[in-house]
Amino acid sequence: MDKKTLSILKKVYANENGSYNPTLNRHEHKIPATVTQADLEILSSKGLQPNNFETFDHDNALERLLKIKEDKKLTSGFATSMFLKGLTGEMPRARQTLMSYLYLRHLYKHDFAGKDTCEICGLPKVETEDKTHQLYTYYLGHSWNELPLHYLIELEEALTFDKPEITQADRNKLTELLDFIAQADKKETPGKLEQRIASHKILDQTDKYKRYGILQTLAECGILPNPFIKPRYEAFIAQKDLWEASKKLTTSFRSDIILPLGGWKGENGVDKERCKEIFDAVQN
Ligand SMILES: [Zn+2]
């Protein structure tokens, strides 16, 4: 994204100016005086108009996700290329796509179960989101593995992008990171790992939470293994099972980082075979 667009988004979203909209049950951001009509037109031309609220319900969101799953553009090559460009810091926005793709891998059609959040897939029964606000967090370079509704918002935009061309230097960055992680002592926690990466300046264009996002993606791939729950790369993880496993993590591990990364320790190491399987796969 060009700097101008991101700077306009920052003016709107970097603070919580605005007010609660009771109809939407959402915070509505106030457009500051420093944002001009021309600025708003730039955002609109990119589909990033502020306060772009949409109300989603479970069945509709699930149907759209399953449709995206069948989209021929969304290959593992597309998702991994995006991640590598995010990892190097060249395209921070691209970091989220692999995480979203992993969620889709084993998703299947089902009826809503539970109260407010589906116990099967984690989608809300009904919820309103400011899509631009969510995309803004990705443009900043964040990636998250919570709230599956956000994968839909992310992928609908990501699929409008061209698949990035990956260079050897991009691949080397991943190798460098994994070699660095593999040096962890047995008791190293994900929190300590993040600090080690920060002090050695391994990841450009990141802060603490952006580094967690990158590591969390590697954990969802199973490249950073954990004994509590299967990574999404391997299996569909029901929301109910994730809640149960998270309870065990909280009592035995006292980690404030969620699963699957929260369950990793230095002794679990780095699964380089898994990395090969995912990142050296046919690039189509
Ligand atoms: Zn569901």
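These numbers come from a predicted model, not from an experiment.

Enquirer: Can you help me understand the coordination of the zinc ion in this one?
Expert: Where a metal carries four tetrahedral donors, each ideal angle is 109.5 degrees; where it carries six octahedral donors, the ideal angles are 90 or 180 degrees. Protein-derived ligands of the zinc ion are His58 (NE2), His110 (NE2), Cys118 (SG) and Cys121 (SG), with the metal-ligand distances lying across 2.0 to 2.2 Å. Here the zinc ion binds four donor atoms, and the angle range of 101 to 120° at the metal identifies the geometry as tetrahedral. Summarised as a motif, the one-chain spacing of the donors to the zinc ion is H-x51-H-x7-C-x2-C. Taking relative accessible area as the criterion, His110 reaches 11% and is therefore assigned buried.

Enquirer: Could you clarify how one ought to interpret the nonpolar core in this entry?
Expert: Generally speaking, nonpolar side chains in soluble globular proteins are found buried as a group. Of all hydrophobic cores here, the largest spans 69 residues; its most connected members are Leu177, Ile181, Leu218, Leu224 and Phe279. For this core, the two domains that each supply at least three residues are domain 1 (3-158) and domain 2 (168-279). If we ignore the near neighbours within four places in the chain, the residues touching Leu218 are Phe83, Leu174, Leu177, Leu178, Ile181, Ile223 and Leu224. Judged by nonpolar contacts, the second largest core, of seven residues, contains Ile229, Ala235, Leu242 and Ala245.

Enquirer: How should the layout of surface pockets be read in this particular structure?
Expert: Of the pockets and cavities examined, the largest pocket occupies roughly 500 Å³. Considering the residues around the largest pocket, the lining is formed by 20 residues, among which Met1, Met91, Pro92, Arg93 and Tyr139 are closest to the centre. For the lining of the largest pocket, the secondary structure elements donating two or more residues are α1 (3-13) and α6 (131-140). Sorting elements by how many residues they give to the lining of the largest pocket places α1 first, with three residues. Its residues assigned to classes, the lining of the largest pocket comprises eight nonpolar, three polar and nine charged. Here the lining of the largest pocket spans two domains, since at least three of its residues come from each of domain 1 (3-158) and domain 2 (168-279). Of the volumes computed, that of the second largest pocket is approximately 370 Å³. What lines the second largest pocket is a set of 22 residues, and nearest its centre among them are Glu146, Gln239, Leu242, Trp243 and Ile258.

Calculation rules
Residues numbered from 1 in each chain as written. Predicted model: local features only at pLDDT ≥ 70, side-chain atom pairs only at ≥ 80, totals over all residues. Heavy atoms only, no water. Donors = N, O, S within 2.8 Å, 3.2 Å for Na, K, Ca; no water. Tetrahedral: all angles 85-135°; square planar, octahedral: opposite > 155°, others 65-115°. Buried < 20%, exposed > 50% of the residue type's maximum accessible area, 1.4 Å probe, protein only. Core = buried A, V, L, I, M, F, W, Y, C linked by side-chain atoms within 4.5 Å. Domains from an automatic or database assignment. Contact = heavy atoms within 4.5 Å. 1 Å grid on protein atoms, 1.4 Å probe; cavity = no way out; pocket = protein on both sides within 12 Å on 5 of 7 lines; lining within 4 Å. Points joined across faces, edges and corners; volume = space filled by probe spheres on them. Helix = DSSP H or I, 4+ residues; strand = E, 2+ residues; numbered from the N terminus. Nonpolar A, V, L, I, M, F, W, Y, C, P; charged D, E, K, R; others polar.

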